[in-house]
Amino acid sequence: MDASDTALFGVSVVVAVTVIAAVVVAGLLFGFDESVLRPFALLAAEPFAWIVVAALLVAVVGHAYIG
């Protein structure tokens with residue numbers, strides 16, 4: 001990975017952590033009802049979602065190394 005790929009990966013990690021933190025804070029403030037936990041429940045219950053997440057991760061890492 002070169003410097004631009006590393007920076008892009010770092011920004012994407014920061015965005016992902018921010019989104020997860022926002023969901024947790026929203027759950028703490030407004031209660032963990034079904035709407036807040038639905039994406040995490042889907043990811044835990046649906047094997048296809050893990051395949052999609054893994055494919056996206058492989059695509060990002062593969063693109064970084066090919067480039």
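Chains are numbered independently. Their residues run from 1 in the order of the written sequence. pLDDT decides what is reported in this predicted model: residues at 70 or higher carry local features, side-chain atom pairs at 80 or more are listed and counted, and totals for whole chains, interfaces and linings draw on all residues regardless. To obtain the side-chain values, all non-hydrogen atoms of the structure were included, while hydrogens and water were left out.

### Observations regarding the overall build of the protein chain
Working step 1: Under the DSSP-based scheme used, a helix requires at least four consecutive residues in state H or I and a strand at least two consecutive residues in state E, with every element numbered from the N terminus. Each helix and strand in the protein chain was counted, giving three helices and zero strands.
Working step 2: Starting at the N terminus and walking to the C terminus, you meet the elements of the protein chain as α-α-α.
Working step 3: Here's how the labels work: a residue is buried when its accessible area is under 20% of the maximum for its type, exposed when over 50%, partly exposed in between, all with a 1.4 Å probe on protein chains only. Counting all 67 residues of the protein chain, 7% fall into the buried class.
Working step 4: We get accessible surface area from the Shrake-Rupley algorithm with a probe of 1.4 Å; when it comes to residues, only the shown protein chains can shield them. In the structure as shown, the protein chain presents an accessible area of about 5400 Å², 81% of it carried by carbon and sulfur atoms.

### Some points on the UniProt feature "transmembrane region" (unreviewed entry) in the protein chain
Working step 1: UniProt positions are given in the numbering used here, feature names are shortened, and annotations may be inferred rather than shown by experiment. Per the UniProt record, "transmembrane region" (unreviewed entry) is found at residues 6–30 and 42–66.
Working step 2: Here residues 6–30 is 100% helix and 0% strand, with 36 Å between the C-alpha atoms at its ends.
Working step 3: Between the first and last C-alpha atoms of residues 42–66 the distance is 32 Å; the span itself is 96% helix and 0% strand.

### Digging into a nonpolar patch on the surface
Working step 1: In this scheme, patches are assembled from residues that exceed 30% relative accessible area and form no salt bridge. Like charges are connected within 9 Å, while nonpolar side chains (Val, Leu, Ile, Met, Phe, Trp, Tyr) are connected within 5 Å. The term salt bridge refers to a pairing of a side-chain nitrogen on Lys or Arg with a carboxyl oxygen on Asp or Glu at a separation within 4 Å. Residues Phe-9, Val-13, Val-17, Leu-57, Val-60, Val-61 and Tyr-65 make up a contiguous nonpolar surface patch of roughly 660 Å² in combined accessible area.
Working step 2: If you list the elements that add at least two residues to the nonpolar patch, you get α1 (3–30) and α3 (47–66).
Working step 3: Per-element accounting of the nonpolar patch gives the leading share, four residues, to α3.
Working step 4: Position of Val-17 relative to the elements: it lies in helix α1.
Working step 5: By relative accessible area, which is 52% here, Val-17 ends up exposed.

### Side note on α1
Each α-helix turn comprises 3.6 residues. Residues three or four places apart therefore point the same way.
Working step 1: Under the convention used throughout, the expected extent of a helix is 1.5 Å for every residue step, that is, one less than its residue count. Under the 1.5 Å per step criterion, the end-to-end length of α1 is 40 Å for 28 residues, consistent within 8% with the ideal 40 Å.
Working step 2: Immediately downstream of α1, the backbone of Gly-31 shows phi near 95 degrees, a positive value.

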